[in-house]
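In case you want the letters, here they are:
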Amino acid sequence: MAAHEPAAEEQIERELERLEAIERFAPPPDFQAHALIRERSIYEQGARDPLSFWADQARRLSWSEPFEAVLDDSDPPFYRWFHDGKMNVSYNCLDRHVLAGRGDVVAYHWRGEEGQERTLTYAELLAEVKRFANALRDLGVREGDVVGIYLPMVPEVVVAMLACARIGAVHNVVFGGFAVEAVRERMAVSEAKALVTVDGSARRGAIAPVKAAVDQILPELPALEHVVVVRSKGGDCPMQAGRDHFYDELIERADAECEAVALDAEHPLFILYTSGSTAKPKGIVHSSAGYLTGVATTHRIVFDLRSAADEDDRGLPPDVYWCAADVGWVTGHSYIVYGPLANGATSVLWEGAPDYPHRGIWWELIERYRVSILYTAPTAIRACIKWGAQWPARYDLSSLRLLGSVGEPINPKAWLWYHKVIGGERCPIVDTWWQTETGAIMITPLPGITETKPGSATLPFPGISAEVVDEHEGKPLAGGQGLLVIDRPWPSMARTLYREGERFVETYFSRFGKRTYVVGDAARRDADGYFWVIGRIDDVVNVSGHRLSTAEVESAIVSHPDVAEAAVIGQHDEQTGQAIVAFVTLRADYQGADPEQEVRDLVGERIGKFARPKRVIWAEDLPKTRSGKIMRRLLRDIAEGRALGDVTTLRDPEVMQALAEHVAQARAAEAD
Ligand code: WTA
């Protein structure tokens, strides 16, 4: 096989060149013939009467008290949707399917790093959720209390989220890749009452002792009364009687029956902290009914989902759906947990990395579970391109019928490779633009009707109204680059920032009035009205689809006693989309041996390994305005090797010369 590989790669290159000449890709006819949405009229319905469009979608859910009011917009930007209705998210995700006789349908095919497998049907998942919900209650968790969840990709993470939803507790999931310091901060500001975590977690065969690390932060969290520990990989871990409890022991003791509480439509379902322009993460708060309406509708329509719950079989077997994100980010919340479960889908839940135990593991899993829908991020696709097409070529990917992309703009080369090598030119690609704040997909093709152009997320989802506006007055632009805004409320929009209502208004709704949501991305529209999202306009960087604030990384670096000053920027990176580059000034009396390692370790400890700078550039001084503000724009120019912009406003223009030399040296060192 090895002898053929270079030739195969060359052939793919030629094929990609052929595809590159194609500007638009119509939905493949075989796909279109069975598509859920085949009429463009859905766009008209959404545009003509967005409220009734969304009300119809909301009525697909089960309500314990049906809503009459659709939207309350009397106090923008604090909108309320379906607010006089009552429902329960876990009931909608579980009971509803079991009561309809679909208890035996598989909710998740879970696969562990070492090849372990666990199949969870809807009935099994419901039974475990009920018990864990009771266990949380036994620990004193009540409606409205915050429960932290810091778990790897094990089935219990889904159970914990749904158990909270069942009793009206508000979950606050922290991505397992964050360091415990980030967990401490997020638990402290949300005053979490309990934390669900794990003894230890596996990553590429190495086991990290999670509970022991969590113990370091517990003394600083007075409001946190209980810690629940899922036994996974860690073997022995320290446990404090009265405070710490093993998950399996709680489940065993707990009552098996637990009725889902009928909650107000606007009851908060979860808080998810995300990065903004400042070092302090924002606690995005999502509602119950509006959020579930948004994720269920988009999951069904954008992914063309055919589930066991559908009456019309469209000539298709039920899909096996796989969103390869981590449950700790919003993509996992909306499209691993809530959207798929609300729709009664069968999903794959993979514990591990894309390259362990080998670089073909994803394709092996697709073959094994006959995955028909794959949703992933451009950064993962680029990694696969680097590893070579021989890996997917070893497996049967013919079960795939739809591919999705999320998290950052997808470069046309990655799009075409995904289309050709993974999708065999028969699968539409849905490039979905959305954010933690929007809750659900906002700009996306509808795979049965929308022509796609590689690199464009195409058009707003029906019922969503987006514009590209000029940055001064907020007037819609006919062409050219501007700010992306959403100018009408939508059901799954964030309701507020946890305990920071003013910051919510200030961050998103102050620039062009309280009815215009300013996204924070730059975009342009082409002659067909298609949206091309360019990237962030604030100090948020997107590394491998992980959203980080430069200020957060800076604040970690300057916590080093020998660091005088630091400025962090995002630099374009072939592999990860953006990479973090830190410009650091050390104190003159620095005595250590390896400052670069120290800086990287510190960021790893304070935020998480994924946030460590790719490059550290030493600077005697940083470019500042006369008022002392660091000019990151100039640092970006230097890092990207661009001609320098205007430096006349600098306090000391010579600083730039010295820095440019350091960057050149760093480059030369990397090339060696
Ligand atoms: C970026 C992830 C271009 C964008 C769901 C946004 C994208 C930020 C796309 C949100 C896409 C996400 N094309 N850019 N298809 N999807 N982004 O909150 O900059 O982690 O503002 O949500 O990712 O990141 P977040």
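How each quantity is defined
Per chain, the residues get numbers from 1 upward, laid out in the order the sequence is written. Local features in a predicted model are, by the rule used here, given only for residues with pLDDT of at least 70; side-chain atom pairs are given and counted only at 80 or more, and totals for whole chains, interfaces and linings are based on all residues. Remark: hydrogens and water are excluded; side-chain values derive from all non-hydrogen atoms of the structure. Only protein chains enter the calculation, and the probe is 1.4 Å; a residue is then buried if its accessible area is under 20% of its type maximum, exposed if over 50%, and partly exposed in between. Going along the chain from the N terminus, every DSSP run of H or I of four or more residues is numbered as a helix, and every run of E of two or more is numbered as a strand. Strands are labelled as partners when DSSP assigns at least two bridges between them. Nonpolar cores are built from buried Ala, Val, Leu, Ile, Met, Phe, Trp, Tyr and Cys residues. Side-chain atoms within 4.5 Å join them into one set. The split into domains, and so the bounds of each, comes from an automatic or database assignment of domains. For every element, the axis is a line fit to its C-alpha atoms; helices are fit only across the contacting stretch, and the angle between N-to-C directions ranges from 0 to 180 degrees. Oblique is the label for any angle not under 35 degrees, not over 145, and not in the 65 to 115 range, which are roughly parallel, roughly antiparallel and roughly perpendicular in turn. Left-handed describes a crossing in which the near helix is turned anticlockwise from the far one by less than a right angle; the clockwise case is right-handed. In what follows, a contact means two residues having at least one pair of non-hydrogen atoms within 4.5 Å. Under the grouping applied here, Gly and all other residues not named as nonpolar or charged are polar, the nonpolar ones being Ala, Val, Leu, Ile, Met, Phe, Trp, Tyr, Cys and Pro and the charged ones Asp, Glu, Lys and Arg. Any Lys or Arg side-chain nitrogen found within 4 Å of a carboxyl oxygen on Asp or Glu counts as a salt bridge. For the purposes of these results, a polar contact is taken to be a pair of N or O atoms within 3.5 Å, where, inside protein, one atom must be able to donate a hydrogen and its partner to accept one; residues adjacent in sequence count only when each atom of the pair is a side-chain atom. Bend at a given residue is defined as the angle between two axes, one fitted to the seven residues that end at that position and one fitted to the seven that begin there.

Let us look at the pairing of strand β28 (residues 563–573). In terms of residue burial, β28 counts as a mostly covered element, since eight of its eleven residues are buried. Taken together, the ten bridges between β28 and strand β29 (residues 577–586) define a ladder with antiparallel strand orientation. By the bridge assignment for β29, D573 is matched with G577. Taken together, β28 and the strand that follows it, β29, pair antiparallel across an intervening segment of three residues.

Turning to the nonpolar core, a few remarks are in order. Membership of the largest hydrophobic core comes to 168 residues, with the highest contact counts inside it found for F82, L125, F132, Y338, L341, L484 and I557. Counting contributing residues per domain, this core is built from domain 1 (119–264) and domain 2 (541–671), each supplying no fewer than three. Within the second largest apolar cluster, 37 residues are counted, among which are Y369, L374, A380 and A389.

So, about the sheet that holds strand β22 (residues 481–486). Strand order in the open sheet formed by four strands is β21-β22-β24-β25, and the pairing between neighbours is antiparallel. A strand with exactly one partner marks an edge of an open sheet, and here the two such strands are β21 (466–469) and β25 (531–536). The mean inter-strand angle of the sheet, taken between neighbouring strand axes irrespective of direction, is 45°.

Contact geometry for helix α7 (residues 155–167) and helix α12 (residues 330–342): axes closest at 11 Å, N-to-C directions at 60°. Judged by the inter-axis angle, α7 sits oblique to α12. Taken as a pair, α7 and α12 cross one another with a handedness that is right-handed. On α12, the residues that touch V158, M161, L162 and A165 of α7 are H333, V337, Y338 and L341. Of the residues assigned to the contact of α7 with α12, the class counts are seven nonpolar, one polar and no charged.

Looking at the assigned domains, one finds that the protein contains domain 1 (119–264) and domain 2 (541–671). In this structure, domain 1 and domain 2 have C-alpha centres spaced 37 Å apart. Listed as interface residues are seven residues of domain 1 and, on the opposing side, nine residues of domain 2. Linking domain 1 with domain 2 are one salt bridge. We note a salt bridge from E552 to R186, for which the minimum N-O separation is 3.9 Å. At the boundary of domain 1 and domain 2, one finds one residue pair in polar contact (both at pLDDT 80 or more). In the side of domain 1 that touches domain 2, the residues fall into four nonpolar, one polar and two charged.

The subject of this paragraph is the sheet that holds strand β17 (residues 346–350). Taken in spatial order, the seven strands of this open sheet run β5-β4-β17-β16-β18-β19-β20, and their pairing is mixed. Looking at which strands have only one partner, the edges of the open sheet turn out to be β5 (117–121) and β20 (429–432). Each adjacent strand pair in this sheet contributes to an overall mean axis angle of 20°, direction not counted. Of the pairings in the sheet, the one linking strand β4 (residues 106–111) to β17 comprises four bridges and is parallel in character. Along β17, the bridge assignment pairs H109 with V348. Its contacts with the sheet place helix α6 (residues 122–138) against β4 and β5, and it is angled at close to 85° to β5.

This next bit is on helix α5 (residues 89–102). Residue D95 marks the point of greatest curvature in α5, where the axis turns by about 35°. Buried residues of α5: V89, S90, N92, C93, L94, D95, R96, H97 and R102, and no others. Buried positions along α5 lie against β3 (86–87), α6, α7, β14 (268–274), α11 (289–302) and α12. Measuring from the side-chain oxygen of the N-cap residue of α5 to the backbone nitrogen of S90 gives 2.8 Å; that N-cap residue is N88.

It is worth spelling out the side chain of N134 at this point. Looking at the element boundaries, N134 is found in helix α6. Taking the relative accessible area as the measure of exposure, N134 reaches 10% and is therefore buried.

Take unusual backbone geometry next. Residue P77 is bonded to the preceding P76 through a cis peptide linkage, with omega at 5°. In this fold, P77 is placed in the loop between β1 (71–72) and β2 (80–81). Here the amide bond leading from Y356 into P357 is cis, since omega sits at 0°, within 30 degrees of zero. Phi is positive for R204, which is not a glycine, with a value near 50°. Summarising the element assignment, R204 is placed in the loop between β9 (201–203) and β10 (206–208). For S544, which is not a glycine, the phi torsion comes out positive at approximately 50°. In this structure, S544 sits in the loop between β26 (540–543) and β27 (546–549).

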